[in-house]
Amino acid sequence: MRRLTLFALVAGAFLAPATPAFAHAGDAPIATVYRTTVTGISTPEKGLSVRTVEAGARLELTNHTGHPVEILGYSGEPYLDVRPDGTYQNVNSPAAYLNETLAGDNPAPATADPTAIPSWRRVSTTTTVRWHDQRTHWLSPGVPPAAKNDPSRTHRLRDWSVPLREQARTFAITGTLDWIPSPRVALWWLGAGLLGLAAVPLARRWPGLVRPLALLAGAAPIAYALSRAADGGSPPPVLFPVGFLALAAVWRHPPFYLALTGLVVFVFGGLTIGFDGAVLPTAGPAWAARLLVLLSAGLGITLAVTGVLRLRPPAAPPALSSSA
């Protein structure tokens, strides 16, 4: 139990850094077929960095240069100003309202005028800000024509840029937007099922194998949650207790506990997450995140079935026939 407590503290320390400013409430997809990539800054500067977060739903800019950097809106007006003492938003910029949602469907009020003198409102004391930006997203209804004609491969939809300003100097964040084919979900589920059922006879033959299987089953959902956090999103809170539940089975795994743990790991670490979407809100390649889901689903099946089989009473020995 001490080890589990220590692990929880380490996970909490990983997730505890100061939260960046959000220029708006926003929303983030669980998965998407659109990949937004930052290729760079047209004039790189030490201390200024940009990345995509939440499966490309937002851009995140960090300014450690020691001087203000403005993010410009859709008409070239000042939209956000990341200063050494925090982040400010121009309430007269239409982008301050349009960017409140990923779809950009929140109308700007009549008072929002890109030609008006900026009116700055402080939104955070941090020098990191996240915001939706329509220039980086696909907002047209339906599937892009190129993807509709050939859905079997990746398509470059456009190159994009988001202008920045530092005093009188204008430069830009540059990037690309691609459409990515969806994964073959059925094959991933087949792999999870085969893993789960193939490991059951091994666990029956070698009971000590349950310990490393429980270790993997517990580590997978926790690793997935940490990968979500590393991408800037909020991981499903349930994944941590689910992982700890399975890790506890490394030390003690009576049959009922093993069956219950396997079911919980399968449902919350595998079934509720699934394999949909080409681009996931996780750090690293999408296949690595799917592999964690596959391990959760497959090993959840293994633990659940193994526990149920252990609940069955041993077969009674055959009765000895009495001699005549």
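Preceding this section is the structure that the text describes.
Residues numbered from 1 in each chain as written. Predicted model: local features only at pLDDT ≥ 70, side-chain atom pairs only at ≥ 80, totals over all residues. Heavy atoms only, no water.

Draft legend 1. Highlighting a nonpolar patch on the surface. Taken together, the side chains of F256, L260, V308 and L311 define a hydrophobic patch exposed on the protein surface, amounting to about 390 Å² of accessible area. Looking at the nonpolar patch, the elements with two or more residues in it are α7 (255-271) and α8 (286-311). The residue L260 is located in helix α7 in this model. Taking relative accessible area as the criterion, L260 reaches 40% and is therefore assigned partly exposed. (Patch = residues over 30% accessible without salt bridge, like charges linked within 9 Å, V, L, I, M, F, W, Y side chains within 5 Å. Areas by Shrake-Rupley, 256 points an atom, 1.4 Å probe, with all protein chains shown as cover. Salt bridge = Lys/Arg side-chain N within 4 Å of Asp/Glu carboxyl O. Helix = DSSP H or I, 4+ residues; strand = E, 2+ residues; numbered from the N terminus. Buried < 20%, exposed > 50% of the residue type's maximum accessible area, 1.4 Å probe, protein only.)

Draft legend 2. Main features of unusual backbone geometry. In this structure, E54 is a non-glycine residue whose phi angle is positive, near 55°. You can see E54 is positioned in the loop between β3 (48-53) and β4 (58-63). Although it is not a glycine, A55 adopts a positive phi angle of roughly 60°. With respect to the helices and strands, the residue A55 is situated in the loop between β3 and β4.

Draft legend 3. Seen up close, the sheet that holds strand β7 (residues 86-90). Pairing is antiparallel in the open sheet, where seven strands are placed in the order β2-β11-β10-β5-β6-β7-β8. Unpaired on one side and paired on the other, β2 (34-41) and β8 (120-124) mark the two borders of the sheet. Within the sheet, the average angular offset between the axes of one strand and its neighbour, ignoring direction, is 30°. Pairing of strand β5 (residues 69-72) with strand β6 (residues 78-83), which is carried by four bridges, proceeds in the antiparallel orientation. Considered in β6, the bridge of I71 is made with L80. (Pairing = 2+ DSSP bridges. Axes fitted to C-alpha atoms, helices over the stretch in contact; angles between N-to-C directions.)

Draft legend 4. Here's a closer look at the pairing of β6. The element β6 is largely enclosed, with a buried count of five among its six residues. Linking β5 back to β6 in an antiparallel pair, the connection comprises five residues, with G76 at a positive phi of about 85°. Inspection of the sheet shows β6 paired to β7 by four bridges, in the antiparallel sense. From the neighbouring strand, L80 faces β7, where its bridge partner is Q89. Between β6 and β7, which follow one another and run antiparallel, lie two residues.

Draft legend 5. Spatial organisation of the pattern of salt bridges. In the structure shown here, the tally under the stated rule is 12 salt bridges. A salt bridge links D159 to R156, with the nearest nitrogen and oxygen atoms 3.8 Å apart. Comparing D159 with R156, the two get one shared label, exposed. A salt bridge links R156 to D178, with the nearest nitrogen and oxygen atoms 2.4 Å apart. Placement of R156 in strand β10 (residues 155-166) and of D178 in strand β11 (residues 169-179) is noted, with a sequence separation of 22 residues between them.

Draft legend 6. Seen up close, the packing of helix α4 (residues 185-205) against α8. Where α4 meets α8, the axes come as close as 8 Å, and the angle between the chain directions of the two elements is 40°. Comparing their axes, α8 and α4 come out oblique. Regarding α4 and α8, the two cross each other, and that crossing is right-handed. Grouping the amino acids of the contact of α4 with α8 by side-chain chemistry returns 17 nonpolar, six polar and three charged. (Parallel < 35°, antiparallel > 145°, perpendicular 65-115°, else oblique. Left-handed = near helix turned anticlockwise from the far one by under 90°. Nonpolar A, V, L, I, M, F, W, Y, C, P; charged D, E, K, R; others polar.)

Draft legend 7. Layout of the environment of D133. Tracing the backbone shows D133 in the loop between β9 (128-131) and α3 (145-149). Residues D133 and Y74, spaced 59 residues apart in sequence, show a C-alpha to C-alpha distance of 9.2 Å. Excluding residues within four positions of it along the chain, D133 makes contact with L59, Y74, N99 and V162. Here the side chain of D133 touches R135 through a polar contact of 2.7 Å, side chain to side chain. (Contact = heavy atoms within 4.5 Å. Polar contact = N/O pair within 3.5 Å; in protein donor to acceptor, adjacent residues only side chain to side chain.)

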